[in-house]
Amino acid sequence: MTVSSGEHLLALACPPDDVSAVHEFLAGVWQDEPSVSVEDRMALELALVELTSNVIEHGGGAGGVSCELRLEVGADRFSALLSDDGTAAAVDTDAARLPEDLAESGRGLALVKMVVDDLHYERVADRNRWTVRRTRH
């Protein structure tokens, strides 16, 4: 859903929603924002799908998790906020590193950091807030 020029919003309830909703949402954003380069599209899709996947997998309890993804497409940069009502995350985004080659998990935040300029996490009241920023290429 386009909120205003350059601002797009997706609400998720997981389950039944999953990361495929993020792919569909971004396909609509790219239609509305044809000036976004292929490089930026790929980077943002990787970052936002990884973050949402982590929230769904680690943040929800037995009842699942509700999320809101807000993406702002600016003239020179992108800003995204993923907020959720899941459990607090015990992460240090600055310390995220790729694990050893044979590790089965632990790549998500490191991959996100590789494709964005800034990744920030904070807990505000009863919500997790994941913010990513990327300069347009």
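See the structure shown above.
What comes next is a walk through the structure.

Each value, and the rule that gives it
- Residues numbered from 1 in each chain as written.
- Predicted model: local features only at pLDDT ≥ 70, side-chain atom pairs only at ≥ 80, totals over all residues.
- Heavy atoms only, no water.
- Helix = DSSP H or I, 4+ residues; strand = E, 2+ residues; numbered from the N terminus.
- Buried < 20%, exposed > 50% of the residue type's maximum accessible area, 1.4 Å probe, protein only.
- Polar contact = N/O pair within 3.5 Å; in protein donor to acceptor, adjacent residues only side chain to side chain.
- Contact = heavy atoms within 4.5 Å.

Description of the side chain of R134
- Checked against the element boundaries, R134 lands in strand β6 (residues 127-135).
- Taking the relative accessible area as the measure of exposure, R134 reaches 7% and is therefore buried.
- A polar side-chain atom of R134 sits 2.8 Å from a polar atom in the side chain of H137.
- With near-sequence residues (within four places) excluded, R134 lies in contact with E39, D40, A43, L44, R77, F78, V115, V116 and D117.

So, unusual backbone geometry
- Cis peptide bonds are those with omega within 30 degrees of zero, and the linkage from C14 to P15 qualifies with -5°.
- Relative to the assigned elements, P15 resides in the loop between β2 (7-14) and α1 (20-32).
- Phi at A125 is positive, roughly 55°, even though this residue is not glycine.
- Tracing the backbone shows A125 in the loop between β5 (118-124) and β6.
- For A125, a relative accessible area of 71% puts it in the exposed group.

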